[in-house]
Amino acid sequence: MAKQKPTSRAAVRAAAQKKSPPRRTPAKSTARNKLKTKARGVPTAKRARPKQRIAISHYRDEDFKADGLRTYAKYRDLGIGEATQGLAQAHVIRLVGPCNPAEVSKLHFHDVDFQMVYVLKGWVKTYMEGQGETLMKQGSSWTQPPRIKHMILDYSDDVELLEVILPAEFKTVELTT
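The following paragraphs examine the structure supplied in this document.

Each value, and the rule that gives it
- Residue numbers here run from 1 along each chain, matching the order of that chain's written sequence.
- In keeping with the model being predicted, local features are shown solely for residues with a pLDDT of at least 70 and side-chain atom pairs are shown and tallied solely at 80 or more, while totals for entire chains, interfaces and linings include all residues.
- As a rule here, side-chain values come from all non-hydrogen atoms in the structure, and water together with hydrogens is ignored.
- Aromatic pairs are defined between Phe, Tyr and Trp rings, using the six-membered ring for Trp, whenever the two ring centres lie within 6.5 Å; interplanar angles under 30 degrees are classed as stacked, those over 60 as edge-to-face, and all others as tilted.
- Helix and strand assignments come from DSSP, with helices taken as H or I runs of at least 4 residues and strands as E runs of at least 2, each series counted from the N terminus.
- Criterion for a charge above a ring: Lys NZ or Arg CZ within 6 Å of the ring centre, and within 35 degrees of the ring normal.
- A pair of strands is treated as paired once DSSP finds two or more bridges between them.
- In this description, a line fitted to the C-alpha atoms serves as the axis of each element, helices being fitted only across the stretch in contact, and the angle between N-to-C directions of two axes falls anywhere from 0 to 180 degrees.
- A pocket, in this scheme, is an open set of points on a 1 Å grid over the protein atoms alone with protein on both sides within 12 Å along at least 5 of 7 lines, while a cavity is a set where a 1.4 Å probe fits but cannot get out; residues line either one if an atom lies within 4 Å of a point.
- Grid points are joined across faces, edges and corners, and a volume is the space filled by probe spheres set on the points.
- What makes a nonpolar core is a set of buried Ala, Val, Leu, Ile, Met, Phe, Trp, Tyr and Cys residues whose side-chain atoms join them at distances within 4.5 Å.
- Any residue under 20% of the maximum accessible area for its type is buried, any over 50% is exposed, and the rest in between are partly exposed; the area is computed with a 1.4 Å probe on protein chains only.
- Salt bridge, as applied in this entry: a Lys or Arg side-chain nitrogen positioned within 4 Å of an Asp or Glu carboxyl oxygen.
- Definition of a polar contact: a pair of N or O atoms within 3.5 Å, with one able to donate and the other able to accept a hydrogen when the atoms are protein atoms, and with sequence-neighbouring residues admitted only if both atoms are side-chain atoms.
- Residues count as neighbours in contact if any of their non-hydrogen atoms are within 4.5 Å of one another.

One pass over the structure, following the stated rule, counts two aromatic pairs. Seen from their ring centres, Tyr72 and Tyr155 are 6.4 Å apart, and the 20° between their planes marks the pair as stacked. Residue Tyr72 is found in the loop between helix H2 (30-39) and strand S1 (73-77), and its partner Tyr155 is found in strand S8 (residues 150-155); the two are separated by 83 residues along the sequence. Residue placement shows Arg94 over the ring face of Phe64; its charged tip is 3.8 Å from the ring centre.

Here it is as structure tokens:
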């Protein structure tokens, strides 16, 4: 008499396990374990951040100072560096026109973790390594990866930029061409 085939799924599974050796299950990934830990509500260690405070800055023309990185620019500090204890800085930059390429167009990079620029008014033509030349107009914004080589090529006489940088204190390296 012929052997009858099992009919239920459980019976089929049990029969298959008898015929083949037990399978080893691969170890679960550490990343998956971390995700499961977070999902269960177990707190993970956070990096200590400095205590921050509120920074309010109202527009005043007299707050633009010629005391920043570039001699052809005036800077209006928005108080972010002090409020974040150096975590970040933000300022409005007015580039003083007309543009003098001999003074302005110098290839350089900043040793920063993050840099973002937003054009508030006017336009600026930039060069960024890997991107080439780009004309940024009012309403344009861009980020610059850490240590990317870049320079300003030209700008309008009325240009104003909002710049946000992490950390507040950083090194700028000017490159010779």
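This brings us to the sheet that holds S1. One key point about sheets: their strands pair by backbone hydrogen bonds, in either a parallel or an antiparallel sense. Spatially, S1-S2-S9-S4-S7 is the arrangement adopted by the five strands of the open sheet, whose pairing is antiparallel. If you trace the sheet from one side to the other, it starts and ends with S1 and strand S7 (141-143), each paired once. Ignoring which end each strand starts from, the neighbouring axes of this sheet average 20° apart. Where strand S4 (residues 114-121) and S7 come together, three bridges link them in antiparallel fashion. Along S7, the bridge assignment pairs Tyr118 with Ser141.

Reported here for the largest pocket is a volume of approximately 660 Å³. Considering the residues around the largest pocket, the lining is formed by 36 residues, among which Leu69, Tyr75, His91, Ile93 and Glu163 are closest to the centre. Of all the secondary-structure elements, those providing two or more residues to the lining of the largest pocket are S1, helix H3 (80-83), strand S2 (89-95), strand S3 (108-111), S4, strand S5 (123-128), S8 and strand S9 (160-166).

So, on to the nonpolar core. Within the largest apolar cluster, 18 residues are counted, with the highest numbers of intra-cluster contacts made by Leu95, Val124, Trp142, Ile152, Tyr155 and Leu161. Taken together, the elements giving at least two residues each to this core come down to S1, S2, S4, S5 and S8.

Another point: the pattern of salt bridges. Per the counting criterion, the structure on display carries 10 salt bridges. Between Glu160 and Arg94 there is a salt bridge, and its shortest N-O distance comes to 2.7 Å. Taken together, the residues span a long stretch of sequence, with Glu160 in strand S9 and Arg94 in strand S2 at a distance of 66 residues. Judged by its relative accessible area of 10%, Glu160 falls in the buried class. The shortest N-O distance in the salt bridge between Glu129 and Lys149 comes to 3.8 Å. On the criterion of sequence distance, the pair formed by Glu129 in the loop between S5 and strand S6 (132-137) and Lys149 in the loop between S7 and S8 is long-range, its members being 20 residues apart. Judged by its relative accessible area of 37%, Glu129 is partly exposed. On the basis of relative accessibility, which here comes to 31%, the residue Lys149 falls in the partly exposed class. Linked through salt bridges whose partners overlap, the residues forming this network are Asp61, Arg94, Lys121 and Glu160.

As a further point, take the side chain of His108. Mapped onto the fold, His108 is located in strand S3. A residue is classified by how much of its surface remains accessible, and His108, at 6% relative accessible area, is buried. Within polar-contact distance, the side chain of His108 engages the side chain of His110 at 3.4 Å. When near neighbours in sequence (up to four residues on either side) are disregarded, His108 contacts Arg70, Ile148, Lys149, His150, Met151, Thr172, Val173, Glu174 and Leu175.

Moving on: the side chain of Gln144. Mapping Gln144 onto the fold places it in the loop between S7 and S8. Classification of Gln144 by relative accessible area gives buried; the value is 6%. A polar atom in the side chain of Gln144 sits 2.9 Å from the side chain of Trp142. If we ignore the near neighbours within four places in the chain, the residues touching Gln144 are His110, Gln115, Met128 and His150.

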